[in-house]
Amino acid sequence: ETGVTQTPRHLVMGMTNKKSLKCEQHLGHNAMYWYKQSAKKPLELMFVYSLEERVENNSVPSRFSPECPNSSHLFLHLHTLQPEDSALYLCASSQDSKGTGELFFGEGSRLTVL
Amino acid sequence: GQNIDQPTEMTATEGAIVQINCTYQTSGFNGLFWYQQHAGEAPTFLSYNVLDGLEEKGRFSSFLSRSKGYSYLLLKELQMKDSASYLCAVRPAGYQKVTFGTGTKLQVIP
């Protein structure tokens, strides 16, 4: 298994759908992150979890709902999204959430909202 | 607030040297990262600088000047596979929240 695995890799959904993105890390890290990557914009931090506790919520709309059931798994639940939410959603992990180590990223989930 | 600037695009020739600059303004500073991201792939870690000076790692080197709020990534002996986006990211003082620049898309041509 590679370090950080995301599923699905591609997702197309309507504005009224409910879907979830999944991330799994096999590195024994304590912190997990969701980032949003849009064209010609910087990576935007959405959520940070440290030891399954949410430590950062970067003013993200409530239509994005994260869940971290254990230190190896992270979900992003999606509900009534808007077309402008179409982007690449990247999951990452680090040894701890203080940012002292580098981030290990998954391949991303490419989301298209119709 | 945090502000990170890097050029949007660069083109360089195979075998040459290219320098990608990054300037930053952050509330405090606790280190600067460079990541490489090939199209359709995950960003991968290249380097981390927290003290002034040059860090060399094979064909890649990264430089930091904290007083100037400036860093560069130097790529030597360019190869076609080096065509990618290069992301500069800064960790400010205090809690984590690493902030990324928009990235520099490097195209290596024969």
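No experiment lies behind these values; they were computed from the predicted model shown. (Residues numbered from 1 in each chain as written. Chains lettered and ligands numbered in written order. Predicted model: local features only at pLDDT ≥ 70, side-chain atom pairs only at ≥ 80, totals over all residues. Heavy atoms only, no water.)

Q: How should I be thinking about the overall build of chain B in this particular structure?
A: Counting its secondary structure elements, chain B contains zero helices and eleven strands. Counting helices and strands in the order they occur from the N terminus, chain B gives β-β-β-β-β-β-β-β-β-β-β. For 110 residues, the compact-globule estimate of 2.2 N^0.38 gives 13 Å, and chain B sits close to it at 13 Å. Overall, the C-alpha framework of chain B stretches about 45 × 30 × 20 Å when taken along its three principal axes. Buried residues in chain B amount to 45% of all 110 residues. Taking as baseline every contact in chain B between residues at least 6 positions apart, the subset at least 24 positions apart corresponds to 56%. With an accessible surface of roughly 5300 Å², chain B has 50% of that area assigned to carbon and sulfur atoms. (Helix = DSSP H or I, 4+ residues; strand = E, 2+ residues; numbered from the N terminus. Rg over C-alpha atoms; globule rule 2.2 N^0.38 Å. Buried < 20%, exposed > 50% of the residue type's maximum accessible area, 1.4 Å probe, protein only. Contact = heavy atoms within 4.5 Å. Areas by Shrake-Rupley, 256 points an atom, 1.4 Å probe, with all protein chains shown as cover.)

Q: So what exactly am I meant to see when it comes to the sheet that holds strand 8 (residues 73-79) of chain A here?
A: Backbone-to-backbone hydrogen bonds join strands into a sheet, with any given pair of strands oriented parallel or antiparallel. All names here are of chain A. In space, the four strands of this open sheet follow the order 1-3-8-7, with antiparallel pairing throughout. Every interior strand has two partners, whereas the edge strands, strand 1 (4-7) and strand 7 (64-70), have only one. The sheet shows a mean angle of 20° between the axes of neighbouring strands, direction not considered. Bridge count for strand 7 against strand 8 is five bridges, and the pairing is antiparallel. In the sheet register, asparagine 70 faces strand 8, and the bridge partner there is histidine 73. (Pairing = 2+ DSSP bridges. Axes fitted to C-alpha atoms, helices over the stretch in contact; angles between N-to-C directions.)

Q: When you look at the pairing of strand 7 (residues 60-65) of chain B in this model, what are you seeing that I'm missing?
A: Working note: regular strand, side chains alternate between the two faces of the sheet. Residues and elements named next belong to chain B. Most of strand 7 is tucked away: five of the six residues are buried. As judged from the five bridges shared by strand 6 (residues 53-57) and strand 7, these two strands associate in the antiparallel manner. In the sheet register, glutamate 55 faces strand 7, and the bridge partner there is serine 62. Hairpin remark: strand 6 followed by strand 7, antiparallel, with two residues in the connecting loop; positive phi at glycine 58, about 65°.

Q: Could you clarify how one ought to interpret the state of the cysteines in this entry?
A: Inspection of every chain in the model, using the stated rule, returns two disulfides over all chains. One disulfide bridge connects Cys23(A) with Cys91(A), the sulfur atoms lying 1.9 Å from each other. Where Cys23(A) bonds to Cys91(A) through sulfur, the torsion about that S-S bond is close to -75°, and the disulfide is left-handed. In this pair, Cys23(A) is assigned in strand 3 (residues 18-25) and Cys91(A) in strand 9 (residues 87-94), connecting sequence segments 68 residues apart. We note that Cys23(A), like Cys91(A), is buried. Linked covalently through their sulfurs, Cys22(B) and Cys88(B) form a disulfide whose S-S length is 2.0 Å. Looking down the S-S bond of the Cys22(B) and Cys88(B) bridge, the torsion is -70°, so its handedness is left-handed. Separated by 66 residues along the polypeptide, Cys22(B) in strand 3 (residues 18-25) and Cys88(B) in strand 9 (residues 84-90) bring together distant segments of the chain. Here Cys68(A) is not cross-linked by a disulfide; its sulfur's nearest cysteine counterpart is in Cys91(A), at 9.1 Å. Given a relative accessible area of 11%, Cys68(A) falls into the buried group. (Disulfide = S-S within 2.5 Å.)

Q: Explanation requested: the interface of chain B and chain A in the structure shown.
A: Think of interface size as the accessible area that goes away when the parts come together; that is how it is often given. Facing 17 residues of chain B, the contacting portion of chain A comprises 24 residues. Summing both sides of the interface, chain B and chain A together bury roughly 1600 Å²; the carbon and sulfur share of this comes to 57%. Linking chain B to chain A there are zero salt bridges. Taken together, chain B and chain A are joined by three residue pairs in polar contact (both at pLDDT 80 or more). It is strand 4 (residues 32-37) of chain B that provides the largest number of residues to the side of chain B that touches chain A, a total of three residues. For the side of chain B that touches chain A, a count of residues per class yields nine nonpolar, five polar and three charged. (Buried area = accessible area lost by both parts, 1.4 Å probe. Salt bridge = Lys/Arg side-chain N within 4 Å of Asp/Glu carboxyl O. Polar contact = N/O pair within 3.5 Å; in protein donor to acceptor, adjacent residues only side chain to side chain. Nonpolar A, V, L, I, M, F, W, Y, C, P; charged D, E, K, R; others polar.)

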